Amino acid sequence: MEIDIGHFSCPGRNGGNQDVVLPPLFEGGYVWAAIADGVGGHVGGEVAARTAIETVKQEATQGSKAKLKSIINSAHKALVSKAETAASLTEMSTTLSIVRASRKQAEVAHIGDSRIYHLRDNGLMTRTKDQTEVNELIENRVLTKKEARRYPRRHVLLNSLSVREHSNVFETSFSVCPGDRIILLTDGVYEVLLRSEIRDLSLKSATCNELCAHIKSEIEDRGIVDDYSVCAFSIN
């Protein structure tokens, strides 16, 4: 199995980086990748993101066949254990998006508002659902997508991975074909680049590494705001 990969994680304009990525790795017959974004303003956001990604990496390197939702539950337990070591960590939380893919099928488990895009030829499909207040308002037709761009609470999460009990883990699976690209990204990327722009950058990129370089350059040219991270791979 040939795997093409690319990834980066960079701090926002305020310094410090609460994004953590698990670069694509091949274990147990699958390609694994994950991305987490520690919730800004909460003490321990980076700790929460790193703990979640370390849990996924441990499961991946063991060739785990467990359901991805179970792995998110394991990450929750790891956060609880970590919080017992310091009172300052009891409010920590993070997003977490995981993908496990073979040549023909990909599975996703997701909590929060990081995203997973699936690119095939000229098309781009979003394989996650933003668990945010603004997205719920869009789905309930309270706001249009245009109005949502100016909504002052558009970054408010309705769900995240934390020390508290969590629910509503989003799960899905979908077919993949040789040459499809799967991209995991944090909101520091998609708040700057439209889906169509990412698709166009993919079309002109021969490799995932080149795609990541193009995305990174575009964000830097337009002005960095939040931490911005991408993890991309294709199976050929």
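Provided above is the structure to which this section pertains.
Parameters at a glance
Residues numbered from 1 in each chain as written. Predicted model: local features only at pLDDT ≥ 70, side-chain atom pairs only at ≥ 80, totals over all residues. Heavy atoms only, no water. Axes fitted to C-alpha atoms, helices over the stretch in contact; angles between N-to-C directions. Helix = DSSP H or I, 4+ residues; strand = E, 2+ residues; numbered from the N terminus. Parallel < 35°, antiparallel > 145°, perpendicular 65-115°, else oblique. Left-handed = near helix turned anticlockwise from the far one by under 90°. Contact = heavy atoms within 4.5 Å. Nonpolar A, V, L, I, M, F, W, Y, C, P; charged D, E, K, R; others polar. Buried < 20%, exposed > 50% of the residue type's maximum accessible area, 1.4 Å probe, protein only. Pairing = 2+ DSSP bridges.

### Things to note about the packing of helix α1 (residues 45–61) against helix α2 (residues 68–83)
Step number 1: Contact geometry of α1 with α2 gives a least axis separation of 9 Å together with a crossing angle of 130°. Regarding the angle of α1 to α2, the classification is oblique. The element α1 and its partner α2 pack so that their crossing is right-handed. On α2, the residues touching Val47, Ala48, Thr51, Ala52, Thr55, Val56 and Glu59 of α1 are Ile71, Ser74, Ala75, Ala78, Leu79 and Lys82.
Step number 2: Across the contact of α1 with α2, the residue classes break down as eight nonpolar, three polar and two charged.

### Describing the pairing of strand β5 (residues 96–101)
Step number 1: Most of β5 is tucked away: six of the six residues are buried.
Step number 2: What you see with β5 is no split at all: Leu96, Ile98 and Arg100 on one side and Ser97, Val99 and Ala101 on the other are buried throughout.
Step number 3: Pairing of strand β3 (residues 30–37) with β5, which is carried by five bridges, proceeds in the antiparallel orientation. Of the residues in β5, the one forming a bridge with valine 31 is alanine 101.
Step number 4: Across six bridges, β5 lies against strand β6 (residues 105–111) in antiparallel orientation. Paired with arginine 100 across the strands is glutamate 107, a residue of β6.
Step number 5: Taking the residues that link successive antiparallel strands as the turn, the β5-β6 hairpin has three residues.

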